[in-house]
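What the coordinates show
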Amino acid sequence: MHNAGEYGSGSHKIQANRLARDLRNIERRPPATSRINRETFMSFTRNAARAVLAAAAVSVPLATGALAQDDTIKVGILHSLSGTMAISETTLKDVMLMLIDEQNKKGGLLGKQLEAVVVDPASDWPLFAEKARELIEQDKVAAVFGCWTSVSRKSVLPVFEELNGLLFYPVQYEGEESQRNIFYTGAAPNQQAIPAVDYLMDAEGVERWVLAGTDYVYPRTTNKILEAYLKDKGVAEEDIMINYTPFGHSDWQTIVADIKSFGSGGKKTAVVSTINGDANVPFYKELANQGIDAADIPVVAFSVGEEELAGIDTGPLVGHLAAWNYFQSVDTPENAEFIETWHGFIGDDERVTNDPMEAHYIGFNMWVEAVEKAGTTDPDAVIDAIVGVSVPNLTGGLSTMMPNHHITKPVLIGEIQDDGQFEVVWETPGLVVGDEWSDFLPDSKDLIADWREPMSCGNFNVATGKCGGKGS
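The following refers to the structure shown. Only a predicted model underlies this, so the values are computations on that prediction, with no experimental measurement involved.

Conventions adopted
- Within every chain, residues take consecutive numbers counted from 1 along the sequence as written.
- The predicted origin of the model limits local features to residues at a pLDDT of at least 70 and limits the giving and counting of side-chain atom pairs to 80 or more, whereas totals for whole chains, interfaces and linings rest on all residues.
- Each side-chain value is worked out from all heavy atoms of the structure, with water and hydrogens disregarded.
- Here a strand is any run of E in DSSP of at least two residues, a helix any run of H or I of at least four, and the numbering for each starts at the N terminus.
- Relative accessibility under 20% of the residue-type maximum defines a buried residue, over 50% an exposed one, and the middle range a partly exposed one, all with a 1.4 Å probe and only protein chains included.
- For every accessible area listed, the method is Shrake-Rupley and the probe measures 1.4 Å; residues are considered covered only by the protein chains on display.
- Within 3.5 Å is the distance limit for a polar contact, defined as a pair of N or O atoms, with the added protein rule that one can donate a hydrogen and the other accept it, and that residues adjacent in sequence qualify only through two side-chain atoms.
- Here, two residues are considered to be in contact whenever any of their heavy atoms come within 4.5 Å of each other.
- For this text, the term disulfide refers to a pair of cysteine sulfurs within 2.5 Å.
- Put simply, a nonpolar core is a bunch of buried Ala, Val, Leu, Ile, Met, Phe, Trp, Tyr and Cys residues held in one set by side-chain atoms that sit within 4.5 Å of each other.

The next point concerns the overall build of the chain. Across its full length, the chain carries 13 helices and 21 strands. Looking at the 472 residues of the chain, the share that counts as buried comes to 60%. Surface exposure of the chain reaches about 17200 Å², of which carbon and sulfur atoms provide 47%.

If you want it as structure tokens, here you go:
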């Protein structure tokens, strides 16, 4: 991240403030008016310009025949294939292999075939950094697609910054970050967590809130934002319960009893869950064991999708909710084609699709288009080329890479069905711009990011006119 000091003064600061206002106006509009089109993007571009002017790796070749190293473009895949996060991440490795295979069938990229380099960081956060360095320094990959948890992303971030690599990160996260070498294709809090709370408040009449999460940076920061947001909406502190458990937690009896007791006070209660990985299975089982169903205390989850539900008894989960930007059940031609291709590649019609898979689909296609646009895989050229790139998503629209390295996405709330799929019960009419810095945290509300030259800053403070705001 560049801390280039003050970007002008006087009228230049006013232009920076206008940039911030324009971006935040986009993000704060009601969903019906939050569609992103060419006019919106170009307005963002013009205003930004004014403001500134003032464990070992396994190589998996997917081309036909043996190819010399110089004849391929290597793509790194950095997902846990063992450990507590394998339940979620293994399928992301598989979908990346599919996307690379499909691109090679089209002729590859820049006249070369793509070659996947798969590593297993094994749900070990320091090992993520080691494997990232290995991919960039030894394997010479052009880009990396990977990570799930924010702690794994935080672990590799300094490596990508130091070595000037590219990481496409496909999972919802807590925001409070924008880094030049990272592209955030999953949801920011305003594209998942806050809309989910609004839905529960407006549609379900929820008045008491349990914020339950795994004990690491994503749940803690997301819940910090949600707690501030709920209080801003008039929710009393005594109507908010917060609980954290370690990765792989299995004994939920006492915690679920506490949730049941908290919800027995006469006010409609819901659980907002940032529980990650395989701990979700015993959590939902214990809810059922204690007789808590969705009609009593609904759970809206941010890390439970089709993959996590596959192969378990979904009966006790029916009616509970999840907030994502994609569900397999979405009825569009693009999604039908994607599912058909996925089943053909994996050789199993029972394998499901999910939101982070769509995020990789979007991110990979954005990378391909940016490389073609730049005419090279050079990271600096790709970073310059990718802002403004729009590619189809699977819900029937286009997603655009914005100057803050976040993308535009729809928001969907889905209800778990007994077949492990989701019925969409609510969605935004248009797309929502990912907000890298929260409006609800005092240290973040004045920060914006724009990675285009000459600003090239991930934490520009519009109040001071300087790059280098501290954030949360």
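Next up on the list: the side chain of R153. Mapping R153 onto the fold places it in helix α5 (residues 150–163). Within the local environment of R153, its side chain forms a polar contact with the side chain of S150, the two groups lying 2.9 Å apart. Each residue touching R153, except ones within four places of it in the same chain, is listed here: C147, L167, Y169, Y173, E174, E177 and Y184.

What follows covers the state of the cysteines. Covalent bonding between the sulfur atoms of two cysteines defines a disulfide. Counted under the stated rule, the structure contains one disulfide. Between the sulfur atoms of C457 and its disulfide partner C467 the distance amounts to 2.1 Å. For the disulfide bridge between C457 and C467, the dihedral angle about the S-S bond is near 100°, and by the sign convention the bridge is right-handed. Pair noted here: C457 is in strand β20 (residues 457–461) and C467 is in strand β21 (residues 466–467), with a separation of 10 residues, a long-range link. You can call C457 buried: its relative accessible area is 0%. On the basis of relative accessibility, which here comes to 6%, the residue C467 falls in the buried class.

Side chains of a nonpolar character, in soluble globular proteins, are inclined to be buried together. One finds L78, F364 and W367 to be the most contacted residues of the largest nonpolar core, which totals 68 residues. Here this core gets nine residues from one element, more than from any other, and that element is helix α12 (residues 355–374). Other than its neighbours up to four places away in sequence, W367 contacts I73, V75, L109, L114, A142, A143, F145, L166, F168, V382 and I386. Among the nonpolar cores identified, the runner-up in size contains 28 residues, and I259, Y284, V299 and A301 belong to it.

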